[in-house]
There are 2 protein chains.
Amino acid sequence: MIDPRVAAGLRDLGPMLAIPREALLATFRRTFAGFGFVPIETPHIERMEVLTGKGAGSDEVLRQIFEVTNTGGTRGELALRFDLTVPLARFIAKHVDELRVPFKRYAIGSVFRGERPAKGRFREFVQCDFDTVGTVGPLADAETAQVIHDALGAAGIPKYTIALNHRGLLDGLLDSLGLADRGGAVLRALDKLAKAGRDKVRAELTHPCEGPRHPGASPTTILPSDQLWSQLADLADFADLTDEPQEPRGAGLDDDQARRVLDFAESGRGGAEVLARAEAELGSQPRAVEGIARLRAVLDLMTAGGVPESAWRINLGLARGLDYYTGVVFETTVDGWERFGSICSGGRYDDLAGLFTNRRLPGVGASIGLDRLLALLDEAKQLGTSHTTAPVLVAQFPGVEPTAMVPLATRLRKVGIGAEVYPEPVRLGEQLGYGSARGHRLAVIVGPDEHARGAFNLRDLATRSETKGLPLADLESAVAKSLGIPIGVTA
Amino acid sequence: MIDPRVAAGLRDLGPMLAIPREALLATFRRTFAGFGFVPIETPHIERMEVLTGKGAGSDEVLRQIFEVTNTGGTRGELALRFDLTVPLARFIAKHVDELRVPFKRYAIGSVFRGERPAKGRFREFVQCDFDTVGTVGPLADAETAQVIHDALGAAGIPKYTIALNHRGLLDGLLDSLGLADRGGAVLRALDKLAKAGRDKVRAELTHPCEGPRHPGASPTTILPSDQLWSQLADLADFADLTDEPQEPRGAGLDDDQARRVLDFAESGRGGAEVLARAEAELGSQPRAVEGIARLRAVLDLMTAGGVPESAWRINLGLARGLDYYTGVVFETTVDGWERFGSICSGGRYDDLAGLFTNRRLPGVGASIGLDRLLALLDEAKQLGTSHTTAPVLVAQFPGVEPTAMVPLATRLRKVGIGAEVYPEPVRLGEQLGYGSARGHRLAVIVGPDEHARGAFNLRDLATRSETKGLPLADLESAVAKSLGIPIGVTA
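Being a predicted model, the structure only gives us computed values, none of them experimental.

*Asks:* Sorry if this is basic, but what is going on with the overall build of chain A here?
*Replies:* For chain A, the count of helices and strands is 18 helices and 17 strands. Within the span of chain A, comprising 491 residues, buried residues form 62% of the whole. The long-range share in chain A, meaning contacts at least 24 apart out of those at least 6 apart in sequence, stands at 72%. Carbon together with sulfur atoms contributes 51% to the accessible area of chain A, which is approximately 18,200 Å² in total.

*Asks:* How should the pattern of salt bridges be read in this particular structure?
*Replies:* Oppositely charged side chains can pair when the atoms bearing their charge come close. Applying the stated criterion across every chain yields a total of 65 salt bridges over all chains. A salt bridge links glutamate 22 of chain B to arginine 29 of chain A; the shortest N-O distance between them is 3.1 Å. Of this pair, glutamate 22 of chain B sits in helix 1 (residues 15-34) while arginine 29 of chain A sits in helix 1 (residues 15-34), on two different chains. With a relative accessible area of 14%, glutamate 22 of chain B lands in the buried category. Arginine 29 of chain A sits in the buried class, given a relative accessible area of 13%. When the shortest N-O distance is used, the salt bridge between lysine 192 of chain A and glutamate 204 of chain A registers 3.0 Å. Highlighted residues: lysine 192 of chain A in the loop between helix 7 (183-190) and helix 8 (193-196) and glutamate 204 of chain A in helix 9 (residues 198-206), separated in sequence by 12 residues. Each member of the pair, lysine 192 of chain A as well as glutamate 204 of chain A, carries the same accessibility label: buried. The network of salt bridges with shared partners includes Arg198, Asp256, Arg259, Asp263 and Glu266 of chain A.

*Asks:* I tried to follow the side chain of glutamate 420 of chain B on my own but got confused; where do I start?
*Replies:* Following the sequence through the fold, glutamate 420 of chain B ends up in strand 14 (residues 419-421). Of the side chains with opposite charge, lysine 104 of chain A lies nearest to the buried glutamate 420 of chain B, which makes no salt bridge, at 4.2 Å. Here the side chain of glutamate 420 of chain B touches tyrosine 434 of chain B through a polar contact of 2.5 Å, side chain to side chain. For glutamate 420 of chain B, the contacting residues outside a window of four places in its chain are Phe35, Gly36 and Lys104 of chain A together with Thr388, Ala390, Val392, Leu393, Val394, Tyr434 and His440 of chain B.

*Asks:* Just to check I follow, could you spell out the relation of the copies chain B and chain A for this structure?
*Replies:* One copy of the chain maps onto the second through a rotation about an axis and a displacement along it. You can overlay chain B on chain A at an RMSD of 0.0 Å; the transform is a turn of 180° with a shift of 0.0 Å along its axis. Both copies of the chain, as the preceding transformation shows, are related through a two-fold rotation axis. Relative to the rotation axis, the closest C-alpha in chain B is found at valine 68 of chain B, a distance of 2.3 Å. Interface residue correspondence from chain B to chain A reaches 100%, placing this contact among same-surface, isologous pairings.

*Asks:* How do you make sense of the interface of chain B and chain A when you look at a structure like this?
*Replies:* Interfaces are frequently sized by the accessible area removed from exposure as the parts join. The partner chain A presents 103 residues to the 103 residues of chain B that form the contact. It is Met1, Ile2 and Arg47 of chain B in chain B that bury the most area against chain A; as a group they hold 8% of the surface buried on that side. Where chain B packs against chain A, one counts six salt bridges. Put simply, chain B and chain A have 45 residue pairs in polar contact (both at pLDDT 80 or more) between them. Here the side of chain B that touches chain A takes eight residues from helix 1 of chain B, the largest share from any one element. Of the residues assigned to the side of chain B that touches chain A, the class counts are 48 nonpolar, 28 polar and 27 charged. Across five bridges, strand 3 (residues 66-70) of chain A lies against strand 3 (residues 66-70) of chain B in antiparallel orientation. Pairing of phenylalanine 66 of chain A across the sheet is with asparagine 70 of chain B, part of strand 3 of chain B.

*Asks:* What's the story with unusual backbone geometry in this structure? I'm lost.
*Replies:* Negative phi characterises most residues that are not glycine, and trans characterises most peptide bonds. All names here are of chain A. Here valine 101 and proline 102 are connected by a cis peptide whose omega angle stands at 0°. Mapped onto the elements, proline 102 comes out in the loop between helix 4 (85-99) and strand 5 (103-112). Phi at arginine 100 is positive, roughly 50°, even though this residue is not glycine. When you line up the elements, arginine 100 lands in the loop between helix 4 and strand 5. Judged by relative accessible area, which is 36%, arginine 100 ranks as partly exposed.

*Asks:* Would you explain the sheet that holds strand 17 (residues 466-471) of chain B in this entry?
*Replies:* By definition, the strands of a sheet pair up through backbone hydrogen bonds, in either a parallel or an antiparallel sense. Residue and element names in this part refer to chain B. Across the sheet, which stays open at both edges, the five strands sit in the order 14-13-15-16-17 with mixed pairing between neighbours. A strand with exactly one partner marks an edge of an open sheet, and here the two such strands are strand 14 and strand 17. If you compare each strand with its neighbour and ignore which way they point, the axes differ by 25° on average. In this structure, strand 13 (residues 392-394) lies alongside strand 15 (residues 442-445), joined through three bridges in parallel fashion. Opposite valine 392, over in strand 15, you have leucine 442 as the bridge partner.

*Asks:* How should the side chain of threonine 132 of chain B be read in this particular structure?
*Replies:* With respect to the helices and strands, threonine 132 of chain B occurs in strand 6 (residues 124-133). Ignoring any residue separated from it by four or fewer positions in sequence, one finds threonine 132 of chain B in contact with Phe37, Phe103, Lys104, Ala140, Tyr349, Pro362, Gly363 and Val364 of chain B.

*Asks:* Whenever I open this one, helix 7 of chain A confuses me. Can you help?
*Replies:* Because an α-helix completes one turn every 3.6 residues, residues spaced three or four positions apart along the sequence face the same direction. In terms of burial, helix 7 of chain A is a largely internal element, eight of the eight residues being buried. Residues of helix 7 of chain A that are buried in the fold lie against helix 6 (167-176), helix 8, helix 9 and helix 11 (255-267) of chain A.

*Asks:* How should I be thinking about the pairing of strand 17 of chain B in this particular structure?
*Replies:* Residue and element names in this part refer to chain B. Strand direction decides the pairing type here: strand 16 (residues 455-460) and strand 17, joined by four bridges, are antiparallel. The residue bridging leucine 458 from the neighbouring strand is threonine 467, located in strand 17. Turn length for the strand 16-strand 17 hairpin, with the two strands adjacent in sequence and antiparallel, is five residues, and the turn residue arginine 464 shows positive phi of about 65°.

*Asks:* Would you explain the sheet that holds strand 12 (residues 363-369) of chain A in this entry?
*Replies:* All names here are of chain A. The mixed open sheet is built from nine strands, whose spatial order is 1-5-6-12-11-10-7-9-8. Either end of the sheet is taken by a strand with one partner, and the two such strands are strand 1 (38-39) and strand 8 (269-270). Running at roughly 20° to strand 12, helix 5 (residues 138-154) makes contact with strand 5, strand 6 (124-133), strand 7 (160-166), strand 10 (328-334), strand 11 (344-349) and strand 12 of the sheet.

*Asks:* Got a minute to help me understand the environment of alanine 93 of chain A in this structure?
*Replies:* Locating alanine 93 of chain A in the fold gives a position in helix 4. Counting along the chain gives 267 residues from alanine 93 of chain A to arginine 360 of chain A, while the straight-line C-alpha distance between them is 9.8 Å.

*Asks:* Sorry if this is basic, but what is going on with the environment of isoleucine 157 of chain A here?
*Replies:* Residue and element names in this part refer to chain A. Along the polypeptide, isoleucine 157 turns up in the loop between helix 5 and strand 7. A relative accessible area of 4% means that isoleucine 157 is categorised as buried. When near neighbours in sequence (up to four residues on either side) are disregarded, isoleucine 157 contacts Leu152, Val334, Leu373 and Leu377.

Reading guide: rules and limits
Residues numbered from 1 in each chain as written. Chains lettered and ligands numbered in written order. Predicted model: local features only at pLDDT ≥ 70, side-chain atom pairs only at ≥ 80, totals over all residues. Heavy atoms only, no water. Helix = DSSP H or I, 4+ residues; strand = E, 2+ residues; numbered from the N terminus. Buried < 20%, exposed > 50% of the residue type's maximum accessible area, 1.4 Å probe, protein only. Contact = heavy atoms within 4.5 Å. Areas by Shrake-Rupley, 256 points an atom, 1.4 Å probe, with all protein chains shown as cover. Salt bridge = Lys/Arg side-chain N within 4 Å of Asp/Glu carboxyl O. Lys, Arg positive; Asp, Glu negative; His and termini not counted. Polar contact = N/O pair within 3.5 Å; in protein donor to acceptor, adjacent residues only side chain to side chain. Least-squares fit on C-alpha atoms with pLDDT ≥ 70 in both. Buried area = accessible area lost by both parts, 1.4 Å probe. Nonpolar A, V, L, I, M, F, W, Y, C, P; charged D, E, K, R; others polar. Pairing = 2+ DSSP bridges. Axes fitted to C-alpha atoms, helices over the stretch in contact; angles between N-to-C directions.

No statement about biological role is implied by the geometric values presented.
Below is the structure:
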């Protein structure tokens, strides 16, 4: 006998989670499509050098990659994708002439990271990415927030907050402090503010700078190693990260500089007034001024697109990525469930595919962490308990020909009502027990008497009340009425 | 610069294929759900011994497996799934107590086979499986055909034929010829009848039997190596298979026996009369009699479920798998496109998960070859040419505030009409060119004059006709009318 367990860090999803997961995905696909984002499919397996950038990738990336080898194949040539951004970059570089820009794509799929397995940290998880490539204007930035807003609303999430920032503001602050070259290290430290707290971040900010171990803002890198680090394996925020092996890094700031940076980050949370304060403080810094103007344009367009003020806030401490994002950045938390971390993050980048093409492809996009959102909804008891996709169970009464039962289910399906016929004529009680346990709402029962009279009984499996002797001709309308739904297309 | 190519045997799908692919998947999910099949998710990565059956798998399986190794991991421990059946078996063995049977699941996902790359043969492709586990009755057999019928009908495939057979008939014939122990070899040969022709199959049938290289009907094997062989990498039927390395195998029949077997297989195609003829020939063979009775029960239930006689035929030559299937087997071809091979195949098995549990789990299921179907529809020019998911493009007229355009798209989305706002205020002609090339049907244009008057112009991007000066208040109704669709939910 072989042990039917899954490998460490992987997992099965049974119907109770997979059913709402499918529903979320359908909602997201519909939302993306409504904005004109189109699906593309790229393989789960990519060439190694595509993923590692010919070895230019950080140690983090290399450490997390799953290599793939087939019999007779050479090691080190193929690997599983660790996100959907690198495949997008490769795809666009390869097909840009046929696609033309602007190009809006969504992609939904599994990504793989060889994380050390830990509680709530998985080696395979699903990302739902959407990006607009080939545009520099604020409209696509704002639309990113609109999509987040519409997708979460359609998914039934009652209250959430989209936090926004712009790289230019912190750049402007650092410019004003004479620290223009410390952007990467400062962002890396600030990125931990929510999780690690002010003291730890101050320590990192003031720790001696170790030189360009991560060489900093190369606009051609496509490897968001910072994202890998900060997003970890999607659900990583649940896990205790204190035991994570972290190399000591520092930004080399003095105490006063660190205080200025931290005050700026921590006080810069709120509505549009935050931008006014920042303008007063940094009005002479061109990069900050540009960032403030862009954020204002984005907020105006978000408002025009129906995103209410209650759904967003400025957060000048939002770091989100070291060198990858160059403009607006987003993070989204569900109100009251902030401990689950961001369920949708993204931002604007200058150059998506610099490793693969000379063509400069700026864009903006974000990624919904499906599995994190699902875990949150599960924890919030928002997922329901049904194990079935069909509300109706048609029982197979022992002694009544099953050919009499099958057409009833077919009739219900034709009006859009899912109906399952119990596959064997076992004892009726067993069938009803199955129906209740699965979460079917109604059972259609035709015993020999009903069969002779062209009638059926309709049983509510939750309340156990049963209406007897309904005419078979009324099957669709009686079931629809009991379910409280309008009848769909008639046959 | 890194070459943005995909690895050999893999491929990208751009929007023109990915959009109809998504639509097919949504159709299949809806169909599966309508019958009460529930989704489950298992990882793409499984433990090696789960996939290879502790090395009991055939050479075919081992040769095709993609190994997966992460940094620091041990080789040979993990691999990519090559189908969705083995993961289902493992899943059910692991979770059977919480699930209880009968259990109806569907699963849609990529599977991976390290095939030698060739034209039309891919190393990654999508399967859409549905199975009912834990039932032995004919109803679930018939329902399999019903699902195929409903799914293909809903997908807009005009005419298709579900071929049915039952293992028992050929077993009965072989019993009558005193060849009961040659079932495996005979099926393996017959499986090639459609592709290789009668002469080649006769040669294989009469080639000396080499003894139990494949030990034959072990009911505990979960490795449908025959399926791997006959389905190859899903699209394999397109490729020229003559150069495939095949070990010589024979069934050791004499000429007369081979003729009887071939005549039986080739003449046994048609409606229910085929069963009457088979009954006349094999009425004294218990295994054949049982198979005929089961097929008749299944056909009655299929008819009751709305599958018309024109959608199926009996094919006594249908082999479909060596030891895996034990009862009814199915294959489905699109009429006129038989050269694409079967787009949905399956059958009944005695014991799904014998490698993982002592619990005997009989069932029946089938798998839709999504990518094969998509290739067929593409070849048949049934896919359309749209590159967009949104019918409407809202232009961003230079000089008109984009905050005036964004709400128009939002209004259209609220009534269920996809609308994309062009992301930058470039020259109008360029925006309309983008819209035409993408396949947007309508453009909403608001120039400064229209903006001042609260009006808009509606342009048909195919005919280039434009209706000017429509009142903005009528946006939704005017667009819906032009698209010829009813307006959905109002805001």
